[in-house]
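Okay, here's what each chain looks like letter by letter:
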Amino acid sequence: MDKAASPTSPPTSATPHVIKFHGNEGRSGILEWNSERIIYSGDMPPEASAKALCESLWLKSYGCESGKLLSVSDKTTPAPQPLHFRADDSDSAEVYLDAQDNVRYSGNVPVDASVKPFFEALRSLYQCKNAPGASAPK
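Description of the structure in this document. Residue numbers restart at each chain and count upward from 1, following the sequence in its written direction. Totals for whole chains, interfaces and linings use all residues, but because this is a predicted model, local features are given only for residues with pLDDT of at least 70 and pairs of side-chain atoms are given and counted only at 80 or more. Note that the side-chain values use all heavy atoms of the structure and ignore hydrogens as well as water.

**Some details on the packing of helix H1 (residues 46-57) against helix H2 (residues 116-126)**
Angle between the axes and distance between the axes: these two values describe a pair of packed helices.
Item 1. Where H1 meets H2, the closest approach of the two axes is 8 Å, and the angle between their N-to-C directions is 50°. When the axis of H1 is compared with that of H2, the two are oblique. The way H1 lies across H2 gives a crossing that is right-handed. Between H1, through Pro46, Glu47, Ser49, Ala50, Lys51, Leu53 and Cys54, and H2, the contact on the second element is made entirely by Pro117, Phe118, Ala121, Leu122 and Leu125. An axis is simply a line fitted to the C-alpha atoms; with a helix, the fit covers only the stretch in contact. Between two such axes, the angle follows the N-to-C directions and lies from 0 to 180 degrees. Starting at the N terminus, helices and strands are each numbered in turn, a helix being any DSSP run of H or I of at least four residues and a strand any DSSP run of E of at least two. Note that the term roughly parallel is reserved for angles under 35 degrees, roughly antiparallel for angles over 145, roughly perpendicular for angles of 65 to 115, and oblique for everything else. The crossing is said to be left-handed when, going from far helix to near helix, the turn is anticlockwise and less than a right angle, and right-handed when the turn is clockwise. Here, two residues are considered to be in contact whenever any of their heavy atoms come within 4.5 Å of each other.

As structure tokens, this is what we get:
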């Protein structure tokens, strides 16, 4: 019998996508998503993981200018939005960090309460409210 056709094989849509963040003293944070939900776990504070993701996604090409995360080359192009979390061909979630009042979510993959502090911290960094390396106002 072909193992790929075995009824005991888990469905591919349930296989999670994982981003691991490693901190000091062996701490770690995990951002994980599949077609069922997006979650955050681990013993690293969500703010530390958000800072690591911000640095990885944006801080090589974007910097804080006048309270916005803008391209370092032209100082006018904003960092892209939304963040896309695709689980499979039909299941995904979008996370918008550019709203003034809170993080906005769309799509058909539920956002677990455990990940909301992570996205709030990432929104604060995206909006240059707590950005690493941001210059103080003059």
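**Notes on the sheet that holds strand S6 (residues 83-86)**
Pairing between the strands of a sheet comes from backbone hydrogen bonds, and it takes one of two forms, parallel or antiparallel.
Item 1. With antiparallel pairing, three strands are arranged side by side in an open sheet as S6-S7-S8. Two strands lie at the open edges of the sheet, namely S6 and strand S8 (104-107), each paired on one side alone. The sheet shows a mean angle of 20° between the axes of neighbouring strands, taken without regard to direction.
Item 2. Where strand S7 (residues 92-96) meets S8, four bridges bridge the pair, whose relative direction is antiparallel. Within S8, the position partnered with Glu94 by the bridge is Ser106. Between any two strands, pairing holds if DSSP finds at least two bridges.

**Focus: the sheet that holds strand S2 (residues 28-33)**
Item 1. With antiparallel pairing, the three strands of this open sheet are ordered in space as S1-S2-S3. Two strands close off the open sheet at either side, each with one partner strand: strand S1 (17-22) and strand S3 (38-42). For this sheet, the mean inter-axis angle between neighbouring strands, taken without regard to orientation, is 15°.
Item 2. Where S1 lies against S2, six bridges are found, and the strand directions are antiparallel. From the neighbouring strand, Val18 faces S2, where its bridge partner is Glu32.
Item 3. Most of the contacts of H1 go to S1, to which it runs at about 105°, and overall it touches S1, S2 and S3.

**Overview of the state of the cysteines**
Item 1. For the purposes of this analysis, a disulfide is any pair of cysteine sulfur atoms at a distance within 2.5 Å. As enumerated under the stated definition, the model contains one disulfide in all.
Item 2. In this model, Cys64 is linked to Cys128 through a disulfide, with the two sulfur atoms separated by 2.1 Å. Here Cys64 and Cys128 share a disulfide; its torsion about the S-S bond, -95°, makes the bridge left-handed. Of this pair, Cys64 sits in strand S4 (residues 62-65) while Cys128 sits in the segment after H2; the two residues are 64 residues apart in sequence, bridging distant segments of the chain.
Item 3. Among the residues examined, Cys64 registers a relative accessible area of 21% and is labelled partly exposed. We call a residue buried when its accessible area falls under 20% of the maximum for its residue type, exposed when it is over 50%, and partly exposed in between, using a 1.4 Å probe and counting protein chains only.

**Notes on the packing of aromatic side chains**
Item 1. By convention, a stacked pair of Phe, Tyr or Trp rings (six-membered ring in the case of Trp) has centres within 6.5 Å and planes under 30 degrees apart, an edge-to-face pair has planes over 60 apart, and any other such pair is tilted. Counted according to the given criterion, the structure contains seven aromatic pairs.
Item 2. Each ring, one from Phe21 and one from Phe118, has its centre 5.9 Å from the other, and the planes form 40°; the classification is tilted. With Phe21 in strand S1 and Phe118 in helix H2, this residue pair connects regions lying 97 residues apart in the sequence. Just as Phe21 is buried, Phe118 falls in that class too.
Item 3. In this scheme, the term charge over a ring applies when either NZ of a lysine or CZ of an arginine sits within 6 Å of the ring centre and within 35 degrees of the ring normal. Its guanidinium or amino end placed over the ring of Tyr96, Arg104 lies 4.4 Å from that ring's centre, counting from NZ or CZ.

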